[in-house]
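Analysis of the macromolecular model
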Amino acid sequence: MPDNKNISEDMMADIITLVDEDNKEHAFEIMDHFEYKDNAYVALVPYFENPEDALKEDPTVVFFRVGPEDEEGLETFDVVEDDEEYYAISGIFEKRYEKMMEEIENGNFE
């Protein structure tokens, strides 16, 4: 297992755990967060402890609208059900992701 002491905090993945309707926990990595039409959104991908497990799965990006805090002060995430809203935010994410990949390739990403 690699020594994470040598990895900057900026390079560490932001992992969150979401609980579904069946009270089952799912770990996700936050790929991006952005705003669109006065709403905040997050783009998440399933997180795997073992990177080899991730290679066995189809790559999936899941989008959520950030909702109001719950009674415990935790952020809530609402499923984006409207097709027009979904296509708009997925397009925003795609452009942001492409720009981020270009910056990484050029060594300009912090």
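Up top you'll find the structure we're talking about.
In what follows, the accompanying structure is described. (Residues numbered from 1 in each chain as written. Predicted model: local features only at pLDDT ≥ 70, side-chain atom pairs only at ≥ 80, totals over all residues. Heavy atoms only, no water.)

1. What about the packing of aromatic side chains?
The geometry of an aromatic ring pair is captured by the separation of the ring centres together with the interplanar angle, meaning the angle of the planes. This structure, assessed with the given rule, holds seven aromatic pairs. Ring plane angle 75° and centroid distance 5.6 Å describe the contact between Phe63 and Tyr86, whose orientation is recorded as edge-to-face. Pair noted here: Phe63 is in strand S4 (residues 62-67) and Tyr86 is in helix H2 (residues 83-105), with a separation of 23 residues, a long-range link. Note on Phe63: relative accessible area 7%, which makes it buried. Using a relative accessible area of 32% as the deciding quantity, one classes Tyr86 as partly exposed. (Phe/Tyr/Trp six-rings, centres within 6.5 Å; stacked < 30°, edge-to-face > 60°. Helix = DSSP H or I, 4+ residues; strand = E, 2+ residues; numbered from the N terminus. Buried < 20%, exposed > 50% of the residue type's maximum accessible area, 1.4 Å probe, protein only.)

2. Observations concerning the sheet that holds strand S1 (residues 15-19)
Spatial strand order, S1-S2-S3-S4-S5: five strands in an open sheet with antiparallel pairing. Every interior strand has two partners, whereas the edge strands, S1 and strand S5 (76-79), have only one. This sheet shows a mean twist of 50° between the axes of neighbouring strands, independent of strand direction. Relative to S5, S4 is paired through four bridges, and the arrangement is antiparallel. Its bridge partner lying in S5, Gly67 is registered against Thr76. Sitting on the sheet, H2 touches strand S2 (25-36), strand S3 (39-46) and S4, and the angle it makes with S2 is about 90°. (Pairing = 2+ DSSP bridges. Axes fitted to C-alpha atoms, helices over the stretch in contact; angles between N-to-C directions. Contact = heavy atoms within 4.5 Å.)

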